[in-house]
Amino acid sequence: MSIRNISLDDGGVMNDNNLRGPQWQRLVGEFIAPRLGREPREWAQANKDSFDTVFSQYLPRWEKEPLHTFWNNYHFDWLRVMCEHVGTDVPMRDEAVAIALEASAYVTRRVHAAFPEVVDVVRQLHGEGYNLHTASGGHSDQLAGYLEAMGIRDLFGRLYGPDLLGLPLYGPQYYQRLFEDSGTEADEAIVVDDSPERVPWVMDAGASAVLVVRDGPAPDVRCPVISSLAELPALLERLGSPESH
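The shown structure was predicted, so the numbers you read here are calculated from the model rather than taken from an experiment. (Residues numbered from 1 in each chain as written. Predicted model: local features only at pLDDT ≥ 70, side-chain atom pairs only at ≥ 80, totals over all residues. Heavy atoms only, no water.)

Visitor: Talk me through the layout of surface pockets; I want residue IDs and the actual numbers.
Guide: Empty space left among the atoms is revealed by rolling a probe the size of a water molecule over them. As a volume, the largest pocket reaches approximately 1,100 Å³. Phe-51, Phe-55, Gly-138, Gln-142 and Tyr-146 are the residues nearest the centre of the largest pocket, which is lined by 37 residues in total. Mapped onto the lining of the largest pocket, the elements with two or more residues apiece are helix H1 (17-36), helix H2 (40-58), helix H3 (67-86), helix H4 (93-108) and helix H6 (140-150). Sort the elements by how many residues they give to the lining of the largest pocket and H3 lands first, with 7 residues. Within the lining of the largest pocket, the residues separate by chemical class into 13 nonpolar, 15 polar and 9 charged. By volume, the second largest pocket is sized at about 190 Å³. (1 Å grid on protein atoms, 1.4 Å probe; cavity = no way out; pocket = protein on both sides within 12 Å on 5 of 7 lines; lining within 4 Å. Points joined across faces, edges and corners; volume = space filled by probe spheres on them. Helix = DSSP H or I, 4+ residues; strand = E, 2+ residues; numbered from the N terminus. Nonpolar A, V, L, I, M, F, W, Y, C, P; charged D, E, K, R; others polar.)

In structure tokens form, the structure reads like this:
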């Protein structure tokens, strides 16, 4: 087997969500307070309290609305709910969407939550000739911000999230569409994720999976399990690198 293409998940694989969450909250407050008033800590708390609710409400609507409409609605409601939480007026819709998008760009380019090994491993894999993409449930613009903050955006091709593929990260169809869009042969691809649920989806799409389990016992999955990306280069060498074929 010759592995030429690697698709990396974001949270749990490249970035530590436990570190990223508090930074998001602080930076959201830092950005929005000068524009809409109140204290930064109030916006930080509003972001913490409202994000999961807003995001979960939108998941079922992925394929029911045009993509542009979906994202605008999501960003409007994200800011609207926070405004209601802190007790301030909600801007007009277009202004609210613009502020939300600017806030996201501001935050993602300032968050530093990468696991310690990630930058060096990504540079090593790129230097060894692998084609790198993301395979994430996050928006491609946010993925770009995180990678720019890490200084490795230029080492990746397309940053695949649901917005580029037009469907959520749920089921093998996500990966099939990713491979089609990137011109990747599934049998030359590996997807690295931290969710055991996604392993069979990757394999049903015809690719190989690697599961990252950083803490606790490894689940029963039909793929290699590693404790961090630091173990990935050696695993790939055993499987067959692009330079060995």
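Now that the structure has been shown, we can carry on.
Visitor: Lay out the nonpolar core in plain terms, naming residues and giving numbers.
Guide: Leu-8, Phe-156, Val-192, Leu-229 and Leu-232 are the most contacted members of the largest nonpolar core, which totals 30 residues. Elements that contribute at least two residues to this core include exactly strand S1 (5-8), helix H5 (118-127), H6, strand S4 (189-193), strand S5 (208-212) and helix H10 (232-239). Broken down by element, this core gets its largest block of residues, 5 residues, from H5. Apart from residues lying up to four places away in sequence, Leu-8 is in contact with Met-14, Val-122, His-133, Thr-134, Ala-135, Phe-156, Val-192, Leu-229 and Leu-232. Ranked by size, the runner-up nonpolar core spans 29 residues in total, among them Val-28, Phe-31, Leu-36 and Phe-70. (Core = buried A, V, L, I, M, F, W, Y, C linked by side-chain atoms within 4.5 Å. Buried < 20%, exposed > 50% of the residue type's maximum accessible area, 1.4 Å probe, protein only. Contact = heavy atoms within 4.5 Å.)

Visitor: Give a detailed account of the pattern of salt bridges, specifying residues and quantitative values.
Guide: The tally for this structure, following the rule as stated, stands at 11 salt bridges. Linking Arg-26 and Glu-30 is a salt bridge whose minimum nitrogen-to-oxygen distance equals 3.6 Å. Of the two residues, Arg-26 and Glu-30 are both situated in helix H1; the distance of 4 residues between them amounts to about one turn of the helix. The exposure class of Arg-26 is partly exposed, given its relative accessible area of 46%. (Salt bridge = Lys/Arg side-chain N within 4 Å of Asp/Glu carboxyl O.)

Visitor: Can you break down the sheet that holds strand S6 (residues 225-226) residue by residue, with the values?
Guide: Strand order in the open sheet made by the 6 strands is S3-S2-S1-S4-S5-S6, with parallel pairing throughout. Only two strands of the sheet have a single neighbouring strand rather than two, namely strand S3 (159-160) and S6. In the sheet, S5 pairs with S6 via 2 bridges, with the strands oriented parallel. Bridging from a neighbouring strand, Leu-211 pairs with Val-225 of S6. Packed onto the sheet, H10 meets S1, S4, S5 and S6 and runs at close to 155 degrees relative to S4. (Pairing = 2+ DSSP bridges. Axes fitted to C-alpha atoms, helices over the stretch in contact; angles between N-to-C directions.)

Visitor: Can you break down the packing of aromatic side chains residue by residue, with the values?
Guide: For the structure shown, the criterion picks out 6 aromatic pairs. Geometrically, the ring pair formed by Phe-70 and Trp-71 is edge-to-face, given 5.3 Å between the ring centres and 85 degrees between the ring planes. For the pair Phe-70 and Trp-71, one class covers both residues: buried. Ring centres of Trp-71 and Tyr-74 lie 5.9 Å apart, and the angle between their planes is 90 degrees; on these two criteria the pair is classed as edge-to-face. Residue Trp-71 and its partner Tyr-74 are located together in helix H3, separated by 3 residues, close to a single helical turn. For Tyr-74, a relative accessible area of 9% translates into the label buried. Joined through ring pairs, the aromatic side chains of Phe-70, Trp-71 and Tyr-74 make up one cluster. The residue whose ring lies beneath Arg-20 is Tyr-146, and the NZ or CZ to ring-centre distance is 4.2 Å. Against the face of Phe-115 rests Arg-214, its NZ or CZ located 3.4 Å from the ring centre. (Phe/Tyr/Trp six-rings, centres within 6.5 Å; stacked < 30°, edge-to-face > 60°. Lys NZ or Arg CZ within 6 Å of the ring centre and 35° of its normal.)

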